[in-house]
Protein chains: 2
Amino acid sequence: MSKYCMGIDLGGTFIKFGLLDSQMKPSGLFQLPTPTEGSDAVVRQMVAGGLKLMQDHQLTAQDIAAVGIGSPGPINITKGVVISLPNIPGMNNVPLRDMVAAGLKLRAVLENDANAAGLGEYICGAGKGGGDMVLLTLGTGVGGGIIVDGKVLHGLHEMGAELGHMIVQPDGEPCNCGQKGCLERYSSATFLAQYATRLIKEGRPSLLQKPLAAKGEIDARDIVQASKAGDSLATEVWDRATFYLALGCVNICRIFDPGRIVLAGGMTKAGDDLLTPVQRHFERLHWSLHKPVTEITLSTLGNDAGVFGAAGVAWAFATAAK
Amino acid sequence: MSKYCMGIDLGGTFIKFGLLDSQMKPSGLFQLPTPTEGSDAVVRQMVAGGLKLMQDHQLTAQDIAAVGIGSPGPINITKGVVISLPNIPGMNNVPLRDMVAAGLKLRAVLENDANAAGLGEYICGAGKGGGDMVLLTLGTGVGGGIIVDGKVLHGLHEMGAELGHMIVQPDGEPCNCGQKGCLERYSSATFLAQYATRLIKEGRPSLLQKPLAAKGEIDARDIVQASKAGDSLATEVWDRATFYLALGCVNICRIFDPGRIVLAGGMTKAGDDLLTPVQRHFERLHWSLHKPVTEITLSTLGNDAGVFGAAGVAWAFATAAK
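Residues numbered from 1 in each chain as written. Chains lettered and ligands numbered in written order. Predicted model: local features only at pLDDT ≥ 70, side-chain atom pairs only at ≥ 80, totals over all residues. Heavy atoms only, no water.

### Side note on the overall build of chain A
Applicable threshold: Think of it this way: any DSSP run of H or I at least four residues long counts as a helix, any run of E at least two long counts as a strand, and we number them from the N terminus. Computation of the radius of gyration draws on C-alpha atoms, with the globule rule given as 2.2 Å multiplied by the number of residues to the power 0.38. Remark: exposure states derive from per-residue accessible area (1.4 Å probe, protein chains only) relative to the maximum for the residue type, with buried under 20%, exposed over 50%, and partly exposed in between. The method behind every accessible area is Shrake-Rupley, applied with a 1.4 Å probe, and residues are considered shielded solely by the protein chains displayed. His is not counted here, nor are the chain ends, while Lys and Arg score as positive and Asp and Glu score as negative. A charged residue contributes its charge at one atom only: NZ of Lys, CZ of Arg, CG of Asp or CD of Glu.
When you go through chain A residue by residue, the secondary structure sums to 10 helices and 13 strands. Relative to its length of 322 residues, chain A is compact, with a C-alpha radius of gyration of 20 Å against a globular reference of 20 Å. Seen along its three principal axes, the alpha-carbon backbone of chain A occupies a region of about 60 × 50 × 35 Å. Per-residue burial for chain A yields a buried fraction of 59% across its 322 residues. When the accessible surface of chain A is totalled, it reaches about 13,200 Å², and 51% of it is carbon and sulfur. One finds the centroid of the 28 positive side-chain charges in chain A at a distance of 1 Å from the centroid of its 30 negative side-chain charges.

Here it is in structure tokens:
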């Protein structure tokens, strides 16, 4: 019986590698730079990293049940194909799963990176032992990973768990997706900063004028700092972001009734400055039929959730394939 | 091997009985009045109906794999207990599952009626063959049933699938649940009629004044008729209900990406007068990244979905228990 599954997480800057044993204990984490010379170079790097991982831990192919590959989207999970990656040149219609499988002489499975991160937190991070779990990643956009009965929810056409595109404000802010009022237009780091910038350019006074003038842009961290310094615009912007995030969490509770909602991504660097107002809004917006039973919490694995989650996907695949 | 599972659907006025064979083919449907003399009388009626069903079809206990009981809530599925039923006297903390099981000398399982109806449509109704499915029941309130990978989604604390309490309008209409802006405050038959009544009482002119004066109340059917007769208030009210329903459907697509969303309950008597505007709003609100791949459709089983879905729950239970 195989002892491990391997996880490989393809990111725009680094490719991460790691192992998950059959008790779901993670180990062996390291990373290599993501090549920019096209898909063959990316596959070579993934295979080289996978072989190094096996060598470093004195493992043979018999010791590895399967390899899970996490990738940004859009991807076709069933076919194992990366359709296109805006941040990695040359990654268009690449049969990544089968190329990596052939290179490593191991069975492989492909998964969306947000889903993999969700499973990673569920298996060995902030979701561990807490039952059904929903992950919200708050970065450039808002991503989602949904774990029900230990399994990743994909949707019939592999387009589910797009939690950043739940409409939280009818006829609200226009989104690139063509909808209006999507959660990510209110609660992602990028759009939060865009909104603050818009208000400042409309002439609203704010401490944020200084970093905006100095850097040409502001980020979520600037907003948190200005808010803590008593800036009313920053406070209003942060409050709006945490309000809609909490509203999204209430809806997730009504739909999934999960054990935990885990917040991840760049914005969670704010720590309690994020979690406390989200929880406050959540308790206020939540129904009164029952006290909240879903815990909202911060990611514990951070950027390492995806690689171990990918290995978890591989375990699910290897177990089902038996 | 057993040939059938039995479904029993407990309603406020009738108890329904039916069979589902191992090919998921429904048969044997009949109903008995729901006793109002308390829980013992209800259990006696359920057992009597179950025995009659077996007698009518010349079945012995060996022929029935299990009994599924659908009940309004709140219930405790794991414990098989009905906690309270506002519409049936004396049904407080009743161990309904075990009482019916003992009376019929068969294994039994309890399920929420909306979940059962969802599974019924999925197995042998409007959801048949369509993959993952979400049911929305539009009646007094808005209920939900979610079927993923052929299984009912309950949530960790059995409080999931409360789709009528998704917040679709921040700071919107106050709901009895303590939240504001719940879907059911916009798109249920009851609150739709309440909203029209409120506008009329505020002095807005409408053809609906006549039925309101004559009957003391108006219903969804009156509103559809007045709208078709060109009444602008009725048209506005119906448009608001179908808009929010469509917005809920968009969010269901972003989250579950199901094959079908099935609309059921009293309001679906309006047929295409409901479906057409919901689909129109849905297509308009839906993202442009991809054409809608989820079909919105009307229930085909109507009030019979619950009894066959309850039998489907029994099949899932019997199969898992093997």
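### Here we look at the sheet that holds strand β12 (residues 260-264) of chain A
Residue and element names in this part refer to chain A. Going by this rule: The pairing criterion is simple: DSSP has to find at least two bridges between the two strands.
The five strands are arranged β11-β10-β9-β12-β13 in an open sheet whose pairing can be described as mixed. Both outer strands of the open sheet, β11 (151-152) and β13 (295-298), are each paired with one neighbouring strand and no more. Judged from the two bridges that link them, strand β10 (residues 142-148) and β11 form a sheet pairing that is antiparallel. Bridging across to β11, Val148 finds its partner in Lys151.

### Section: the packing of helix α1 (residues 39-56) of chain B against helix α2 (residues 96-104) of chain B
Residue and element names in this part refer to chain B. Condition: Fitted lines through C-alpha atoms serve as axes, helices being fitted only where they are in contact, and the angles separating the N-to-C directions of these axes extend from 0 to 180 degrees. With respect to orientation, any angle under 35 degrees is reported as roughly parallel, any angle over 145 as roughly antiparallel, any angle of 65 to 115 as roughly perpendicular, and every other angle as oblique. Left-handed describes a crossing whose near helix is turned anticlockwise from the far helix by less than a right angle; the clockwise case is right-handed. Contact criterion: two residues are considered in contact whenever any of their non-hydrogen atoms come within 4.5 Å of each other. Under the grouping applied here, Gly and all other residues not named as nonpolar or charged are polar, the nonpolar ones being Ala, Val, Leu, Ile, Met, Phe, Trp, Tyr, Cys and Pro and the charged ones Asp, Glu, Lys and Arg.
Running from N to C, α1 and α2 cross one another at 45°; their axes reach a closest spacing of 9 Å. With respect to α2, the axis of α1 lies oblique. Classified by chirality, the crossing of α2 by α1 is right-handed. Residues Asp40, Val43, Met46, Val47, Gly50 and Leu51 of α1 pack against Leu96, Met99, Val100, Gly103 and Leu104 of α2. Residue composition of the contact of α1 with α2, by class: eight nonpolar, two polar and one charged.

### Observations concerning the sheet that holds strand β2 (residues 14-21) of chain A
Residues and elements named next belong to chain A. The mixed open sheet is built from five strands, whose spatial order is β3-β2-β1-β4-β8. Since the sheet does not close on itself, it has two edges, and those belong to β3 (26-33) and β8 (108-112), each with one partner. Averaged over all pairs of adjacent strands, the angle between strand axes in this sheet comes to 20°, irrespective of strand direction. In terms of strand pairing, strand β4 (residues 64-71) meets β8 through five bridges, oriented parallel. Residue pairing in the sheet places Gly70 in a bridge with Glu111 of β8.

### Remarks on the relation of the copies chain A and chain B
Stated formally: Least-squares superposition of the copies uses the C-alpha atoms of those residues scoring a pLDDT of at least 70 in each of them.
When chain A is fitted to chain B, the best match, at an RMSD of 0.0 Å, comes from turning it 180° and sliding it 0.0 Å along the axis. In symmetry terms, the pair is related by a two-fold rotation axis. Both copies share a contact surface, since 100% of the interface residues of chain A are interface residues in chain B too.

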